[in-house]
Amino acid sequence: MSENFTGNFTQQLPISEEAIEAAVSVMKNGRLHRYNLSEGEIGEVSLLEQEFAAYVGSKFCLAVASGGYALACALRAMEVTPGDRVLTNAFTLAPVPGAIASIGAVPVFVGVTAGLVIDLADLEAKAGQADVLLLSHMRGHICDMQALMAICDAHNVKVIEDCAHTMGGGWKDIPSGRHGAMACYSTQTYKHINSGEGGFLISDDEELMARAVMLSGSYMLYERHGAAPSPEVFERIKYHTPNVSGRMDHLRAAILRPQLRELDVQVAAWNARHDILLSGLRGTPGLAVVERPDGEAYVGSSIQVVLLDWSEEQINEVLTRCGRRGVELKWFGGAEPVAFTSRYDSWRYAPSEAMPKTDRILKGIVDMRIPLTFSEADCVLIAGIIRAEVSAVYQAG
């Protein structure tokens, strides 16, 4: 095979005409701030919160400025304080330990399995070290959530789910984000709905959500929220909760509402492309694909493979050869962070201990985005290129 791929790995679908018209209407109105409303108006942000809460089946929802803000806000709402230890995955992206460190808490990293999910045996061993688990469903891989919650409940560990990569997915018919006490989502450009930056925080716990709303910068305007607890709950906490502003605005909410209505269609399109790539890569010598377990309703917006026990030189050769043919692969095992990739031992602000089994897996993880601007035929071609170049390097030894 000598054909090259000519698509763009960072090109997203355009914003729909419906969303553009909604955004233009907000701009013409001039009321962009979420609390700048005319008499009797609900506003785009509150409408979006109501719609997202209904989509995932939660009582409460708060729209915020970013997924990273949602993570730190959830930790603050749970009253995590400086010096507290917080459990989290060793395989995740920098905003997750960053959120923990941003409030002065200390990440305690938990290992990863060959399925790229949190190692439940390691979680069991470390559960007594912290009161909170910030669980990252990294790159859309969801662990056995019943088993995880059984461990956490037995140790009185509260769970915050980071669903930045699993919006639209779930575990055994329960939407992602509905197992823990709180959950956070992202609407950054590379996530499943796109407002450039943005995020959500959900919960069924009225006091946690009241704190989150106050933290986000509601001042005393919390009664203008459409998916928030009753005013009586705010009365209990409003004078004891600081303002750490991170609100979403009406412009971004207007762009997101039409996208949320199309999310299930988009998920099906991602999964069709993901499954073509997965099928095309199965059986490649030296390459392990990550099979999806029964019970996982995944969103295949990216795909990961593992080049287990390959040398750094061999992995770099694969990346270089695929890159020459137009296929952009990212490596999570490099000693130095590159763009979005990094490892738990890259974050020098977060002390860590070596985890040999986890390190072996992390060293081999290769990652690829699957934009919906790719056709299914593109995915057949990309799988063929990766298979050919991995095979060539593997056979050369």
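One structure accompanies this document, and this report is about it. (Residues numbered from 1 in each chain as written. Predicted model: local features only at pLDDT ≥ 70, side-chain atom pairs only at ≥ 80, totals over all residues. Heavy atoms only, no water.)

1. A word on the pattern of salt bridges
Then step 1. Applying the stated criterion across every chain, the model contains 20 salt bridges.
Then step 2. One network of salt bridges, in which partners are shared, links Glu-79, Glu-206, Glu-207, Arg-211 and Arg-236. (Salt bridge = Lys/Arg side-chain N within 4 Å of Asp/Glu carboxyl O.)

2. Remarks on the packing of aromatic side chains
Two aromatic rings, taken as a pair, are described by how far apart their centres are and by the angle between their planes.
Then step 1. Applying the stated criterion across every chain, the model contains 11 aromatic pairs.
Then step 2. Look at Phe-5 and Phe-9: their rings are 5.7 Å apart centre to centre, the planes differ by 80°, and that puts the pair in the edge-to-face class. The same class applies to Phe-5 and to Phe-9, which are both buried.
Then step 3. A centroid spacing of 4.1 Å and a plane angle of 10° characterise the contact between Phe-52 and Phe-200, whose relative ring orientation is stacked. Here Phe-52 is found in helix H2 (residues 44-56), whereas its partner Phe-200 is found in strand E9 (residues 199-203), with 148 residues between them in sequence.
Then step 4. Its relative accessible area of 0% is what places Phe-200 among the buried residues.
Then step 5. Members of the aromatic cluster, each reached through a chain of ring pairs, are Phe-52, Tyr-55, Tyr-185 and Phe-200.
Then step 6. Lying over the aromatic face of Tyr-190, Arg-369 brings its terminal NZ or CZ to 3.7 Å of the ring centre. (Phe/Tyr/Trp six-rings, centres within 6.5 Å; stacked < 30°, edge-to-face > 60°. Buried < 20%, exposed > 50% of the residue type's maximum accessible area, 1.4 Å probe, protein only. Helix = DSSP H or I, 4+ residues; strand = E, 2+ residues; numbered from the N terminus. Lys NZ or Arg CZ within 6 Å of the ring centre and 35° of its normal.)

3. Side note on the packing of helix H11 (residues 312-324) against helix H13 (residues 376-396)
Then step 1. Two numbers describe how H11 lies on H13: the axes approach to 9 Å, and their chain directions differ by 140°. Here H11 runs over H13; the crossing is right-handed. Residues Gln-314, Glu-317, Val-318, Arg-321 and Cys-322 of H11 form the contact with H13, whose own contacting residues are Ile-385, Ile-386, Glu-389, Val-390, Ala-392 and Val-393.
Then step 2. Its residues assigned to classes, the contact of H11 with H13 shows seven nonpolar, one polar and three charged. (Axes fitted to C-alpha atoms, helices over the stretch in contact; angles between N-to-C directions. Left-handed = near helix turned anticlockwise from the far one by under 90°. Contact = heavy atoms within 4.5 Å. Nonpolar A, V, L, I, M, F, W, Y, C, P; charged D, E, K, R; others polar.)

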